[in-house]
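# Overview (structure and organization)
The primary structure of each chain is shown beneath.
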Amino acid sequence: MKPPPHRITACRRCHAPIVWCLTSANGRRQPVDAEPSEEGNVAVSSGADGILYVRTVTAARPDIKPGEWQAMPHHATCAFPPPRRSSSGGQRSTSGVRPVPWQR
Ligand SMILES: [Zn+2]
């Protein structure tokens, strides 16, 4: 599976192709790389309403179901990520995808 072409847009920071999804956990908007990736830790599916939903692939739910595709959250690959508040000594957290708001 791949994202529907008409859903693909460009990241306003790095102009990479992305799709906007809603997290199945809490309904927040999250950008995901448009190109599926086997390295990705999220699974995207297209809802009956045409909205794309994203969920984190966890050890408890590692299987990619029919109709889903595996992808990388865009904030993991963005060439121009938003500035971080802590400027020094901040260790990057690698404990999964945080549902941070991406807009504005
Ligand atoms: Zn970007």
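The residue numbers shown here count from 1 along each chain, following its written sequence. Given that the model is predicted, a residue must reach a pLDDT of at least 70 before its local features are reported, and side-chain atom pairs must reach 80 or more before they are shown or counted; all residues, however, enter totals for whole chains, interfaces and linings.

### Considering the overall build of the chain
- Check the secondary structure of the chain and you find 1 helix and 6 strands.
- Within the span of the chain, comprising 104 residues, buried residues form 18% of the whole.
- The contacts of the chain with a sequence gap of at least 6 include a subset with a gap of at least 24, amounting to 59%. A helix here means a DSSP run of H or I that spans at least four residues, while a strand means a run of E at least two residues long, and both kinds are numbered starting from the N terminus. Buried, partly exposed and exposed are defined by the number of other C-beta atoms within 10 Å of a residue's own C-beta, namely 20 or more, between the two limits, and 12 or fewer respectively, with C-beta atoms placed from the backbone. In this description, a residue-residue contact is defined by the distance between C-beta atoms placed from the backbone, which must lie within 7 Å.

### Here we look at the nonpolar core
- Only buried residues count toward a nonpolar core: Ala, Val, Leu, Ile, Met, Phe, Trp, Tyr and Cys, linked into one set through C-beta atoms within 7 Å. Among the nonpolar cores identified, the biggest contains 10 residues, and these are Ile18, Val19, Cys21, Val32, Ala34, Val42, Ala43, Val44, Val54 and Ala71.
- When residues of this core are traced back to their parent elements, those giving at least two are strand 2 (17–23) and strand 4 (42–46).

### Examining the pairing of strand 3 (residues 29–33)
- Of all the 5 residues making up strand 3, 4 are buried; the element is thus mostly covered by neighbouring parts of the structure.
- In this analysis, strands are considered paired if DSSP registers two or more bridges between them. Sheet analysis places strand 2 next to strand 3, joined by 5 bridges and oriented antiparallel. Following the sheet pairing, Val19 is matched in strand 3 by Val32.

### Quick look at the environment of Ser24
- Considering the arrangement of structural elements, one finds Ser24 in the loop between strand 2 and strand 3.
- When sequence neighbours within four positions are dropped, the list of residues in contact with Ser24 reads Tyr53, Val54 and Arg55.

### A few points about unusual backbone geometry
- Although it is not a glycine, His15 adopts a positive phi angle of roughly 65°.
- Within the secondary structure, His15 sits in the loop between strand 1 (8–10) and strand 2.

### Some details on the environment of Trp20
- By secondary structure assignment, the location of Trp20 is in strand 2.
- With 10 residues separating them along the chain, Trp20 and Ala10 place their C-alpha atoms 9.8 Å apart.
- Filtering out sequence-adjacent residues up to four positions away, Trp20 remains in contact with Thr9, Arg29 and Pro31.

### Things to note about the environment of Pro73
- Tracing the chain through its elements places Pro73 in the loop between strand 6 (68–71) and helix 1 (74–77).
- Pro73 sits 39 residues away from Ala34 along the chain, and the two C-alpha atoms are 9.4 Å apart.

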